[in-house]
Amino acid sequence: MSKSIEELKSLTTQIRRDILRMVHAVNSGHPGGSLGCVEYFTALYGKVMNHKLPFSMEGKGEDVFYLSNGHISPVFYSTLARFGYFPVEELSTFRKLNSRLQGHPTTHEHLEGIRMSSGSLGQGLSVGIGTALAKKVDGDKSLVFTLHGDGELQEGQIWEALMFAAAKKVDNLIATIDYNGQQIDGSTEHVLSLGNLHAKFEAFGWEVIEEKNGNDLEAVIAALEFAKSKTGNGKPVVIMLHTEMGNGVDFMMGSHAWHGKAPSDAQLESALSQLQLDEVADY
């Protein structure tokens, strides 16, 4: 069922509430990057991507998505549940024993919506390229979407995949970089500078789109739609999506400290008070 922009904006708030409650309940997980990517996931599943239920692993005749930086699983799980892939109540099992909602997504749990295990960083682009090439062989005109952390770009496999995708003209692929400038040990600039990413992507033969307002839902939708218009032209497409780690919670925003730390009881209460809804639908 199609949702209006206002409904999707309310959903971003609900997803942020889910993320915080999931991580708090087990005192583990990665809230910072998850909170920063809410608009991307909501835009992708709510407006941009052609996806189908019931879920099929093959994804034939539909767009598919791979989360490469799997540690931001809370935002992925909440999005999937809120769009009907599995019951919302199952979010309460996050990171618990025998749960399908592991800290990093896994395929052997058979959780609907998950097409790759992504505990190790740097692999999602290669998987996405393989799927994109398979769709070309099958005559499937659907697209492949991938999401990556900017710190993840310090992995060498990413750059091999970038080179391969351009050389083989994998033009049914849209990769997005969560460009928040933070990683677990500090800023990306401090840990290992990425340099001029825009110029690097262009040098590797990619079509580059840069969106400065990665936490503005309508801007993210527009960027993704524009990226779709650039597919089929012989080049893979990348979106550099500038986001704010911890977005929506004032004491979490812009700091790497919340990359992988759960809020206390008092911090959760403060965070949820900033994420008010007319109709709260907490699990």
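Data block above holds the structure.
Conventions we followed
- Residues numbered from 1 in each chain as written.
- Predicted model: local features only at pLDDT ≥ 70, side-chain atom pairs only at ≥ 80, totals over all residues.
- Heavy atoms only, no water.
- Axes fitted to C-alpha atoms, helices over the stretch in contact; angles between N-to-C directions.
- Helix = DSSP H or I, 4+ residues; strand = E, 2+ residues; numbered from the N terminus.
- Parallel < 35°, antiparallel > 145°, perpendicular 65-115°, else oblique.
- Contact = heavy atoms within 4.5 Å.
- Nonpolar A, V, L, I, M, F, W, Y, C, P; charged D, E, K, R; others polar.
- Phe/Tyr/Trp six-rings, centres within 6.5 Å; stacked < 30°, edge-to-face > 60°.
- Buried < 20%, exposed > 50% of the residue type's maximum accessible area, 1.4 Å probe, protein only.
- Lys NZ or Arg CZ within 6 Å of the ring centre and 35° of its normal.
- 1 Å grid on protein atoms, 1.4 Å probe; cavity = no way out; pocket = protein on both sides within 12 Å on 5 of 7 lines; lining within 4 Å.
- Points joined across faces, edges and corners; volume = space filled by probe spheres on them.
- Salt bridge = Lys/Arg side-chain N within 4 Å of Asp/Glu carboxyl O.
- Pairing = 2+ DSSP bridges.

Draft legend 1. The arrangement of the packing of helix 5 (residues 124–138) against helix 6 (residues 156–167) in detail. Orientation of helix 5 relative to helix 6, taken along the N-to-C sense of each, is 25°, at an axis distance of 9 Å. By the angle between their axes, helix 5 is roughly parallel relative to helix 6. Listed contacts from helix 6 to L125, S126, I129 and L133 of helix 5 are Q157, I158, A161, L162, F164 and A165. For the contact of helix 5 with helix 6, a count of residues per class yields eight nonpolar, two polar and no charged.

Draft legend 2. Inspection of the packing of aromatic side chains at higher detail. Under the defined criterion, the tally for this structure stands at 13 aromatic pairs. On the basis of an interplanar angle of 20° and a centroid distance of 6.0 Å, the ring pair of W159 and F201 is categorised as stacked. With W159 in helix 6 and F201 in helix 8 (residues 197–203), the pair connects residues that are 42 residues apart, well separated along the chain. Note on F201: relative accessible area 1%, which makes it buried. Put simply, the rings of Y40, F41, Y45, F55, F65, F76, F83 and Y85 pair up and form one aromatic cluster. The ring of Y283 carries R21 above its face, with NZ or CZ at 4.4 Å from the centroid.

Draft legend 3. Representation of the layout of surface pockets within the structure. Considering only enclosed or pocket space, the largest pocket measures out at about 270 Å³ in volume. As for the largest pocket, its lining consists of 19 residues, of which H71, L121, G151, Q183 and H259 are closest to the centre.

Draft legend 4. Seen up close, the pattern of salt bridges. Tallying each qualifying case throughout the model produces twelve salt bridges. The salt bridge partner of D282 is R17, with a shortest N-O separation of 2.9 Å. Taken as a pair, D282 in the segment after helix 10 (265–273) and R17 in helix 1 (residues 5–26) lie far apart in primary sequence, 265 residues in all. Looking at R17, the relative accessible area reads 9%, which means it is buried. Its salt-bridge partner being K135, residue D140 comes within 2.9 Å of it at the nearest N-O pair. For D140, a relative accessible area of 13% puts it in the buried group.

Draft legend 5. Main features of empty space enclosed by the protein. Inspection of every chain in the model, using the stated rule, returns three cavities of 30 Å³ or more. The calculated volume of the largest cavity comes to roughly 50 Å³. Around the largest cavity, the lining residues are Y45, M49, H51, F55, E62, D63, V64, F65, Y85, G113 and R115. For the lining of the largest cavity, a count of residues per class yields six nonpolar, two polar and three charged. Computed from the structure, the second largest cavity encloses a volume of approximately 40 Å³. Forming the walls of the second largest cavity are L125, H148, L153, I158, L162, A175, I177, F201 and V238.

Draft legend 6. Representation of unusual backbone geometry in the model. Residue P54 is bonded to the preceding L53 through a cis peptide linkage, with omega at 0°. Mapping P54 onto the fold places it in the loop between helix 3 (38–48) and strand 1 (64–67). Phi at N27 is positive, roughly 55°, even though this residue is not glycine. With respect to the helices and strands, N27 occurs in the loop between helix 1 and helix 2 (31–36). At H110, a position not held by glycine, the phi torsion is positive, near 55°. Its place among the elements puts H110 in the loop between helix 4 (73–82) and helix 5. Overall, the relative accessible area of 63% leaves H110 in the exposed class.

Draft legend 7. Spatial organisation of the sheet that holds strand 1. The strand order across the open sheet built from five strands is 1-2-3-7-6, with neighbouring strands paired in parallel fashion. Of all the strands in the sheet, the pair left with one neighbour each is strand 1 and strand 6 (207–211). Adjacent strand axes in the sheet meet at a mean angle of 20°, parallel and antiparallel pairs treated alike. Strand direction decides the pairing type here: strand 1 and strand 2 (residues 144–149), joined by four bridges, are parallel. Bridge pairing in strand 2 places Y66 opposite T146. Set on the sheet, helix 5 makes contact with strand 1, strand 2 and strand 3 (173–179); between it and strand 2 the angle comes to about 170°.

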